[in-house]
Amino acid sequence: MMMSLISIALIAALDLPTGPAPEPVALPHFPDRYHAFVWRNWELVPPERMAEVVGASTEAILETGHSMGLGDPYPVSDSQWKRSYITIIRRNWHLLPYDQLLQLLDWDREHLAFTLREDDFLYVKLGNLKPDCKPIHYSPPDAGTRKWEQAIAMQVRAEFPEGLPGGREEAPFEFVSQLSAPPAPEELVQINGLELGKSCFHPRYCSSYFALYGDPLLDPEADPYPDGYLARLAASGVDGVWLQAVLYKMAPFPWEPSLSEGYEKRLESLKKLVERAKRHGIGVYLYLNEPRAMPLSFFEKHPGLKGVVEGDFAALCTSVPEVRQFLHDAVATICRAVPDLSGFFTISASENMTNCHSHYRGAECPLCSKRDPAEVIAELHQSLADGIQDGGCSARLFAWDWGWQDAWVEKLAQGLPKGSSWMSVSEWSIPIQRGGVSSAIGEYSLSVIGPGPRATHNWSVARKNGLGTMAKVQIGVTWELGAVPYLPVLANVTEHIWNLTRAGVNGLMLGWTHGGYPSPNLEAAALVGSMTGAATSKEAVDQVLNRVAEQRYGKNLVPVVTQLWKQMSRYFQEFPFDGQVVYNAPLQVGPANLVWEKPTGFRATMVGIPYDDLSGWRGLFPEEVFIGQFRKIADGFDAAIKDAKASTAFIDLSAQERLRLRREIDVAEACMIYYRSVANQAQFICDRNTIEKAANLSEAAVPLKRMDEILRDEILLAKRLYVIQSRDSRIGFEATNHYFSVRMDLAEKILNCQDLLSRWLLEQKNRFKP
């Protein structure tokens, strides 16, 4: 499916990257890497596929798992296999060389090379390196290995008396079928009860919660917006959805026609999606990051189109009239084929390299070096707007200022097409102080209440030049924690959107690639935009939270749930926000991240593999502040959860009400677990470094005791999250990363901690005995 995206020219430019190729991390809690391979793939890869990779029989793979105390693995459905390739790649990155990884995935080299480069910067998330893994080959276990297997089995039976993997209420990705199915009558009553009025925000659009990267307009099985999901989004107050479009796949590409193969079918599929969404009152918007760079080999035939060079690719220079004509014609083609398309939005100074100024290197282009970046970017947008007009379509155009420098603002506002809208991230540049450390928001955040000075200024300039205004917000989740379906901080959401009603913003982009779950957060945002009668933000918060809670959980639970949301909102404002923190810290894996007895030497990767890189996790925060802030959040969340549970002890609830409340509290508890584990891991690294330098017992006693406590607490956290993930398939998932962790990772963390307790920590204690 994905290979349909690649032309001959692109394939020639791609190879499997290696980077520095360091030694893989050590895994001393397993007898060898073969056993780690079997363990990590037990619930994700069919045993017969594992057997092929390591030269074993299926029976030998099963015997290995059983010898470690594992029960029979659950069958892997076709849907699960199709949706979990990133999870499989990441967990085998330090185990398998490329050849065996390809065999495990049943891919060819071009497929993997393309995925690493194009699937939301996957190779960057993996650290821009491939560890130098030696091939894994099966051999029958010797007596020493048998003894080790038996020891692991004993630990498994002790920690998981019901078996591992034990029973589960939901299979991985079960939420996809749940959201895709038509709502049952009782659910329709529940989700339609908000009775939303006319909103002051239009549009209010979000991305799919479970979209796969690839070519969904050619592959009907990859539909990111089935009708059941659209119905639930509409009931949550969403009136628009978006998906990415690559123009050379949506319209004829004059210089390399093979790139456009199948564009007519894609346009027909888009038209059908627009028609289906329209029946739910939802418009469809296309995200453009254009024009896409081409491999250097492309410019051997077309040297006059070549702009800035970046690696093995170069920009299609938009100062060349033919390039702008392509942008115009491609958009016009889309609009003629899909006249009911609602609009386009753009990123023009970030993500992929597009125009020559998109990565601030325009000085390297003979043409663009002579032109102001604002002029180049405004001209690009004019080409798109002219294409919309000439295509006879009423689609709107939103220019997102992500990556635009402050010096460009005035000229861009003057040069952008009339009738277009200027979109800014609402919370950017808000000054904050967390733990006594001053900083400013520079990414998406739900721990701060917007709008901020940057957005407010840019909207003001846009209005003066006759442009509409759009707020880019994150309503469901942010990279402060993206491994849950939503962050239950509705008071923060409500106050932020209330402020935007006062700021005169015309519409809302409700989320980037994460945050599209039909959540109470989306319902709260929709209610604020349509409510009347609230004079203050506090009144708005009270009214909105009460209505959402009553609709979701019934009158009996309104005080319980609203208090939970308010307490979590307040404590979440302690989040130690920094770009490095949100991208590098183990926020998305929590207790599934291993702890190491020695520094790994690896740097944390962008929402990928955190390792033990505390200096990369904490950003501008000192170690003790970083740890203290996460403990403060976790303690606050824990107290809020305990209050909620205690408050329901004497309330007569139906079985359905208890189930709904349990799912809400499970999400809250998962958030607490992730944050407490971040604090634990950071403290462990500090203590590990301290005892390494300690000269005597008096210097080592406190950190040794604390590490013992941390390892035991990590075991408990891993077990708690294991239980939650067993009954809620949403936990641990995010669309562009698939599952950050699965239940077997949490079980492995227990082996990891038990190994350190019984071996390494004991060795450290013995070092300081008289």
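Our subject in this report is the structure included herewith. (Residues numbered from 1 in each chain as written. Predicted model: local features only at pLDDT ≥ 70, side-chain atom pairs only at ≥ 80, totals over all residues. Heavy atoms only, no water.)

1. Focus: empty space enclosed by the protein
For step 1, the next point in the chain: Applying the stated criterion to the full structure yields eight cavities of 30 Å³ or more.
For step 2, the next point in the chain: Computed from the structure, the largest cavity encloses a volume of approximately 410 Å³.
For step 3, the next point in the chain: Around the largest cavity sit 22 residues that line it, and Arg40, Arg90, Arg91, Ala592 and Ile609 are the ones nearest its centre.
For step 4, the next point in the chain: Elements represented by at least two residues in the lining of the largest cavity include exactly helix H6 (85-92) and helix H29 (743-767).
For step 5, the next point in the chain: Residue contributions to the lining of the largest cavity peak at three residues, all from H6.
For step 6, the next point in the chain: Classifying every residue of the lining of the largest cavity gives twelve nonpolar, five polar and five charged.
For step 7, the next point in the chain: By volume, the second largest cavity amounts to about 130 Å³.
For step 8, the next point in the chain: Lining the second largest cavity we find 13 residues, and of these Glu43, Pro172, Gln725, Val742 and Arg743 sit closest to its centre. (1 Å grid on protein atoms, 1.4 Å probe; cavity = no way out; pocket = protein on both sides within 12 Å on 5 of 7 lines; lining within 4 Å. Points joined across faces, edges and corners; volume = space filled by probe spheres on them. Helix = DSSP H or I, 4+ residues; strand = E, 2+ residues; numbered from the N terminus. Nonpolar A, V, L, I, M, F, W, Y, C, P; charged D, E, K, R; others polar.)

2. Looking at the packing of aromatic side chains
For step 1, the next point in the chain: This model, assessed by the stated rule, comprises 52 aromatic pairs.
For step 2, the next point in the chain: Between Phe575 and Tyr675, the ring centres sit 6.0 Å apart and the planes meet at 65 degrees, which makes this aromatic pair edge-to-face. Of the two residues, Phe575 is situated in the loop between helix H23 (558-572) and helix H24 (579-584) and Tyr675 in helix H27 (residues 655-693); the sequence distance between them amounts to 100 residues.
For step 3, the next point in the chain: Among the residues examined, Tyr675 registers a relative accessible area of 0% and is labelled buried.
For step 4, the next point in the chain: One aromatic cluster in this structure is built from Tyr205, Trp242, Tyr285, Tyr287, Phe345, Phe398, Trp400, Trp402, Trp428, Tyr444 and Trp512.
For step 5, the next point in the chain: A cation over a ring is seen here: Arg117 above Phe313, with NZ or CZ 3.6 Å from the ring centre. (Phe/Tyr/Trp six-rings, centres within 6.5 Å; stacked < 30°, edge-to-face > 60°. Buried < 20%, exposed > 50% of the residue type's maximum accessible area, 1.4 Å probe, protein only. Lys NZ or Arg CZ within 6 Å of the ring centre and 35° of its normal.)

3. Side note on the side chain of His94
For step 1, the next point in the chain: Considering the arrangement of structural elements, one finds His94 in the loop between H6 and helix H7 (98-105).
For step 2, the next point in the chain: A distance of 2.7 Å separates polar atoms of two side chains, one belonging to His94 and the other to Tyr611.
For step 3, the next point in the chain: Every residue in contact with His94, bar those within four places of it in the chain, is listed here: Pro24, Val25, Arg33, Pro131, Cys133, Phe602 and Tyr611. (Polar contact = N/O pair within 3.5 Å; in protein donor to acceptor, adjacent residues only side chain to side chain. Contact = heavy atoms within 4.5 Å.)

4. Some words on the sheet that holds strand S6 (residues 313-316)
For step 1, the next point in the chain: Strand order in the open sheet formed by three strands is S4-S6-S5, with antiparallel pairing between adjacent strands. Lying at the two open borders of the sheet, with one neighbouring strand each, are strand S4 (294-295) and strand S5 (306-310).
For step 2, the next point in the chain: Bridge count for S4 against S6 is two bridges, and the pairing is antiparallel. Pairing of Met294 across the sheet is with Ala314, part of S6. (Pairing = 2+ DSSP bridges.)

5. Remarks on the environment of Val477
For step 1, the next point in the chain: Along the chain, the position of Val477 falls in the loop between strand S12 (468-472) and helix H20 (490-503).
For step 2, the next point in the chain: For Val477, a relative accessible area of 2% gives the class buried.
For step 3, the next point in the chain: In this structure, the C-alpha to C-alpha distance between Val477 and Asn737, residues 260 residues apart in sequence, is 14 Å.
For step 4, the next point in the chain: What Val477 contacts, discounting residues up to four positions off in sequence, is Leu446, Gly482, Val484, Pro485, Tyr486, Leu487, His514 and Gly515.

6. Some remarks on the state of the cysteines
For step 1, the next point in the chain: Scanning the entire structure with this criterion turns up zero disulfides.
For step 2, the next point in the chain: No disulfide involves Cys200; its nearest neighbouring cysteine sulfur is the one of Cys206, lying 18 Å away.
For step 3, the next point in the chain: With no disulfide partner, Cys753 has as its closest neighbouring cysteine sulfur the one in Cys686, 17 Å distant. (Disulfide = S-S within 2.5 Å.)

7. Description of H20
For step 1, the next point in the chain: Over its 14 residues, H20 extends 20 Å from the first C-alpha to the last, a length consistent with the 20 Å expected when each residue adds 1.5 Å.
For step 2, the next point in the chain: Most of H20 is tucked away: ten of the 14 residues are buried.
For step 3, the next point in the chain: Those residues of H20 lying buried are Leu490, Ala491, Asn492, Val493, Thr494, His496, Ile497, Trp498, Leu500 and Thr501.
For step 4, the next point in the chain: In this structure, the buried residues of H20 make contact with helix H19 (453-464), S12, strand S13 (507-509), helix H21 (520-530), helix H22 (537-553) and H23.
For step 5, the next point in the chain: Gly504 sits one or two positions beyond H20 and adopts a positive phi of about 75 degrees. (Expected span 1.5 Å × (residues − 1).)

8. Thoughts on the pattern of salt bridges
For step 1, the next point in the chain: Enumeration according to the criterion identifies 47 salt bridges in this entry.
For step 2, the next point in the chain: Notably, a salt bridge pairs Lys278 with Asp340, separated by 3.5 Å at the nearest N-O pair. Here Lys278, found in helix H15 (residues 263-279), pairs with Asp340, found in the loop between helix H16 (321-337) and strand S7 (343-347); they are 62 residues apart in sequence, far enough to count as distant.
For step 3, the next point in the chain: Judged by its relative accessible area of 43%, Asp340 falls in the partly exposed class.
For step 4, the next point in the chain: The closest approach of N and O atoms between Arg712 and Asp708, which form a salt bridge, is 2.6 Å. Here Asp708 and Arg712 lie together in helix H28 (residues 697-727), a separation of four residues that amounts to about one turn.
For step 5, the next point in the chain: Looking at Asp708, the relative accessible area reads 14%, which means it is buried.
For step 6, the next point in the chain: Look at the salt bridges and you will find they share partners, linking Glu169, Arg662, Asp666 and Arg727 into a network. (Salt bridge = Lys/Arg side-chain N within 4 Å of Asp/Glu carboxyl O.)

9. Here we look at the pairing of S5
For step 1, the next point in the chain: With three bridges joining them, S5 and S6 adopt antiparallel strand pairing. Looking at the pairing, Lys306 lines up with Leu316 of S6.
For step 2, the next point in the chain: A loop of two residues connects S5 with S6, the two strands running antiparallel in sequence, and Gly311 in this loop sits at a positive phi of about 65 degrees.

10. Some words on the packing of H28 against H29
For step 1, the next point in the chain: With their axes 9 Å apart at the nearest point, H28 and H29 run at an angle of 165 degrees to one another. When the axes of H28 and H29 are compared, the pair comes out roughly antiparallel. Crossing of H28 over H29 shows left-handed handedness.
For step 2, the next point in the chain: Among the residues making up the contact of H28 with H29, the classes are represented as 14 nonpolar, four polar and seven charged. (Axes fitted to C-alpha atoms, helices over the stretch in contact; angles between N-to-C directions. Parallel < 35°, antiparallel > 145°, perpendicular 65-115°, else oblique. Left-handed = near helix turned anticlockwise from the far one by under 90°.)

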